[in-house]
Every structure is written in C-alpha cells, then in structure tokens.
Amino acid sequence: MPQSALPVRPDIFLSTHDHDALSRLVGDMPGEGVAGMLQEELERAIICEPGDLPRGAVPLDRWLHYVDGRNADPRRIQIVLPRDADIDAGKVSVLSHVGAGLIGLVEGCTIVWSDPSGAERSLTPVMIEDADILPA
C-alpha cells in the first residue's frame with residue numbers, strides 16, 4: 001500500500017513516567033509484532049509532564065471504557081504492564097493489540113489498528129475514569 005494511502009493516526013500523549021516505563025519495557029525486544037507496534041507509537045508520542053497531559057489521554061493503570069469497530073458496547077479495561085495483566089480482572093497488557101492501540105489516545109479519538117489476525121479494527125476510548133486525577 002502506498003504511504004499516502006495509510007490512515008493518519010491521531011496524536012497520542014504520554015506522561016514522562018509512562019513513556020520511560022514503556023521504553024524500558026520494549027527497549028530490548030525485537031521490533032516486530034506488538035512490541036514493534038508499541039515502539040512505533042512511543043517514537044511518535046507527544047511526551048508531557050503529568051500536569052500537562054490533555055484531559056482524557058489514556059495512561060497506564062487507569063480504568064477506561066472503549067469501543068471497537070466490531071462492537072458498539074463499551075468495554076471496561078485497565079491497561080497495565082505485562083507483569084500485572086489479568087484478563088479475567090479486566091487488566092489488559094500494554095503488549096496486547098488492544099493495549100498498545102489505546103495507550104496515549106485521547107477520549108473520542110479513533111485509531112485504526114490491527115488485531116492478532118492482522119485485520120484492521122478501530123479503537124476509540126470513550127471515557128477515562130477519574131480523568132481529573134493526575135497520575136503520580
């Protein structure tokens with residue numbers, strides 16, 4: 001596909017803390033699969049001090065509700081580091097397709113993202129719980 005035909009990805013915003021943690025996480029991983037996708041997102045992220053993050057930007061460890069292109073019903077998850085992932089508890093690894101696609105997005109913004117089968121899907125965060133609370 002020609003470069004100009006690729007969908008434009010919306011801006012993503014990460015706190016310095018989240019960006020550092022995620023950079024350390026993927027730093028030694030091969031640049032392929034979900035780790036490679038997350039590496040690309042980290043390279044294009046707008047890095048902010050926690051108090052300067054846009055309201056509604058998806059951080060690590062905060063509960064959020066999102067919709068995807070397959071299902072209009074919002075799902076509630078928390079994006080976490082892999083060691084804290086527990087899908088039964090709704091804690092989704094940032095190294096999953098959904099976690100890597102949503103991290104840093106702002107409420108209401110949609111990204112076209114691939115799923116594990118390689119098919120494209122849209123992901124949209126619709127609400128960050130306690131968005132007025134600043135991350136540590």
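Being a predicted model, the structure only gives us computed values, none of them experimental.

Draft legend 1. Structural detail: the sheet that holds strand 3 (residues 63-68). Pairing is mixed across the open sheet formed by 5 strands, whose spatial order is 5-4-3-7-6. Sheet topology places strand 5 (91-93) and strand 6 (111-114) at the edges, where each strand pairs with a single neighbour. Pairs of neighbouring strands in the sheet enclose a mean axial angle of 50 degrees, with direction left out of account. Pairing analysis gives 5 bridges linking strand 3 to strand 7 (residues 120-128), with the strands arranged antiparallel. From the neighbouring strand, Val67 faces strand 7, where its bridge partner is Thr124.

Draft legend 2. View of the environment of Pro125. Mapped onto the elements of the fold, Pro125 is located in strand 7. Residues in contact with Pro125, not counting those within four places in the same chain, are Val58, Leu64, His65, Tyr66, Leu102, Leu105, Val106, Glu107, Gly108 and Cys109.

Draft legend 3. Representation of the pairing of strand 7. Relative to strand 7, strand 6 is paired through 4 bridges, and the arrangement is antiparallel. Counted as the bridge partner of Val112 is Ser122 from strand 7. Connecting strand 6 to the next strand, strand 7, in antiparallel fashion are 5 residues, including Gly118 with a positive phi near 95 degrees.

Draft legend 4. Highlighting the pattern of salt bridges. Under the definition given, this model contains 5 salt bridges. Here Glu41 ties to Arg9 by a salt bridge, and the two come within 3.0 Å at their closest N and O atoms. Remark: Arg9 occurs in the segment before strand 1 (13-15) and Glu41 occurs in helix 2 (residues 33-44); sequence separation between them is 32 residues. For Glu41, a relative accessible area of 1% translates into the label buried.

Draft legend 5. Spatial organisation of the packing of aromatic side chains. Enumeration according to the criterion identifies 0 aromatic pairs in this entry. We note Arg76 situated over the ring of Trp63; from NZ or CZ to the ring centre the distance is 4.1 Å.

Draft legend 6. Here's a closer look at the side chain of Gln39. Tracing the sequence through the fold places Gln39 in helix 2. Residue classification places Gln39 among the buried residues on the basis of a relative accessible area of 19%. In this structure, Gln39 is in contact with Val26, Met29, Pro30 and Gly31, ignoring residues within four places of it in sequence.

Draft legend 7. Geometry of helix 1 (residues 16-26). Regarding helix 1, the residues found buried are Asp18, His19, Ala21, Leu22 and Val26. An end-on view of helix 1 places all buried positions within 165 degrees of arc, on one side of the element. If you follow the buried residues of helix 1, they end up packed against strand 1, helix 2 and strand 2 (46-48).

Draft legend 8. Structural view of the packing of helix 1 against helix 2. Relative orientation of the contacting elements helix 1 and helix 2 amounts to 145 degrees, with a least axis distance of 10 Å. When you trace helix 1 past helix 2, the crossing you get is left-handed. Listed contacts from helix 2 to His19, Leu22, Ser23 and Val26 of helix 1 are Ala35, Leu38, Gln39 and Leu42. Across the contact of helix 1 with helix 2, the residue classes tally to 5 nonpolar, 3 polar and no charged.

Scoring rules and cut-offs
Residues numbered from 1 in each chain as written. Predicted model: local features only at pLDDT ≥ 70, side-chain atom pairs only at ≥ 80, totals over all residues. Heavy atoms only, no water. Pairing = 2+ DSSP bridges. Helix = DSSP H or I, 4+ residues; strand = E, 2+ residues; numbered from the N terminus. Axes fitted to C-alpha atoms, helices over the stretch in contact; angles between N-to-C directions. Contact = heavy atoms within 4.5 Å. Salt bridge = Lys/Arg side-chain N within 4 Å of Asp/Glu carboxyl O. Buried < 20%, exposed > 50% of the residue type's maximum accessible area, 1.4 Å probe, protein only. Phe/Tyr/Trp six-rings, centres within 6.5 Å; stacked < 30°, edge-to-face > 60°. Lys NZ or Arg CZ within 6 Å of the ring centre and 35° of its normal. Arc of directions from axis to C-beta. Left-handed = near helix turned anticlockwise from the far one by under 90°. Nonpolar A, V, L, I, M, F, W, Y, C, P; charged D, E, K, R; others polar.

Nothing here speaks to function; it is geometry throughout.
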